[in-house]
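# Chains, contacts and geometry: an overview
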Amino acid sequence: MKPEMSEAALLDLLQQFERSGIEVWLDGGWAVDAVVGERTRAHRDLDLILRASDLDRLCAVIGPRGFTRQVGGTESNFVLANGQGLEVDIHTVVFDAQGNGVHRMENGGDWVFRSSAFEGRGMIGSIPVRCLSPETQVECHAQGYTPSEKDFRDMQLLAARCGVELPPSLRRPQRT
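Remember, it's a predicted structure, so these values are computed and weren't measured experimentally. (Residues numbered from 1 in each chain as written. Predicted model: local features only at pLDDT ≥ 70, side-chain atom pairs only at ≥ 80, totals over all residues. Heavy atoms only, no water.)

## A few points about the overall build of the protein
Note the threshold: Strands are runs of DSSP state E lasting at least two residues, helices are runs of H or I lasting at least four, and both sets are numbered from the N terminus onward. Based on C-alpha atoms, the radius of gyration is set beside the globule rule, defined as 2.2 Å times the residue count to the power 0.38. The criterion used for residue contact is that any of the two residues' heavy atoms lie within 4.5 Å. With residues, only the protein chains shown are counted as cover, and all accessible areas are computed by Shrake-Rupley using a 1.4 Å probe. In this charge count, Lys and Arg are treated as positive and Asp and Glu as negative; neither His nor the chain ends contribute. Here the site of a charge means NZ on Lys, CZ on Arg, CG on Asp, or CD on Glu.
In terms of helices and strands, the protein carries 5 helices and 9 strands. Reading the protein from its N terminus to its C terminus gives the helix and strand order α-β-α-β-α-β-β-β-β-β-β-β-α-α. For 176 residues, the compact-globule estimate of 2.2 N^0.38 gives 16 Å, and the C-alpha radius of gyration of the protein, at 16 Å, lies within 12% of that figure. Counting only C-alpha atoms and orienting by the principal axes, one finds that the protein spans roughly 50 × 35 × 30 Å. Restricting the contact set of the protein to residue pairs at least 6 apart, pairs at least 24 apart contribute 53%. In the form shown here, the protein has an accessible surface area of approximately 9100 Å², with 50% of it arising from carbon and sulfur atoms. Measuring between centres, the 19 positive side-chain charges of the protein sit 3 Å from its 25 negative side-chain charges.

Here's what the structure looks like:
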C-alpha cells in the first residue's frame, strides 16, 4: 500500500516550485480539497499541471528529493515517485495564443483546457494555491473512464460546495 501524501509534503513541494519560478496547477483530489477549502480524504499522490517548458526545471527541483520518473506514460503525462512511495502525476500543457492549455494525450490527440480552466484558486491549510477550476475538474472526470467511488464523492463535493452541475455520468447510481 502506498503511503499517504501529507499536507506538509504537498506544501513543501509547492513552495519549492514557487521559489524556482515554476507555475503549477493542482488537479485531482488535492484540487478538490483546495477549492472546497478543507481536506476531505487521504491522498496517495499529487496531480500537477504545468507548462511543458517548465518540465526540466521541475525535475531538477524534485530530483534531489529522490523523485525519479517511473516506467510508462508519455512525454506529456507520467509519474515521478520517490523511495518513500510518494507520487507526483505530471500533466504538461502548451499554452496557445488565447491562453488555452493544450495537453497531448497518450493516443496522440490533444485535450484542450480552456483558458478559464486555469482560473481555479483554493487553499491548502492557510496557503493559497492555483488549481483547475471546479467546472474543469468535473469536465475532466466526465470523459474517458469509469468513475470510482472516490471520484463520485469528489464530484459531489464540488457540486455541493461550488454549485457545479454534474453530468449524469458523475452522479452516483441510485440504489434499489
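Let's pick the thread back up.
## Comments concerning the packing of aromatic side chains
Two aromatic rings are characterised by how far apart their centres lie and by the angle between their planes. Put simply, the rule is: The criterion for an aromatic pair is that two Phe, Tyr or Trp rings (for Trp, the six-membered ring) have centres within 6.5 Å, with stacked assigned to planes under 30 degrees apart, edge-to-face to planes over 60 apart and tilted to the rest.
Under the criterion given, the structure shown has 5 aromatic pairs. An aromatic cluster is defined as three or more aromatic residues linked by ring pairs; in this entry it consists of W25, F95, W111, F113 and F118.

## Some details on the nonpolar core
Cut-off, in case you're wondering: To qualify as a nonpolar core, a set must consist of buried Ala, Val, Leu, Ile, Met, Phe, Trp, Tyr and Cys residues joined through side-chain atoms within 4.5 Å. Burial status follows relative accessibility: with a 1.4 Å probe on protein chains alone, a residue under 20% of its type maximum counts as buried, one over 50% as exposed, and anything between as partly exposed.
By size, the foremost hydrophobic cluster in this structure holds 38 residues, and its most contacted members are F17, L26, L46, L48, L58 and V88. Here this core gets 6 residues from one element, more than from any other, and that element is helix α2 (residues 28-36). When near neighbours in sequence (up to four residues on either side) are disregarded, L48 contacts L14, F17, V24, W25, L26, L58, V88, D89, I90 and H91.

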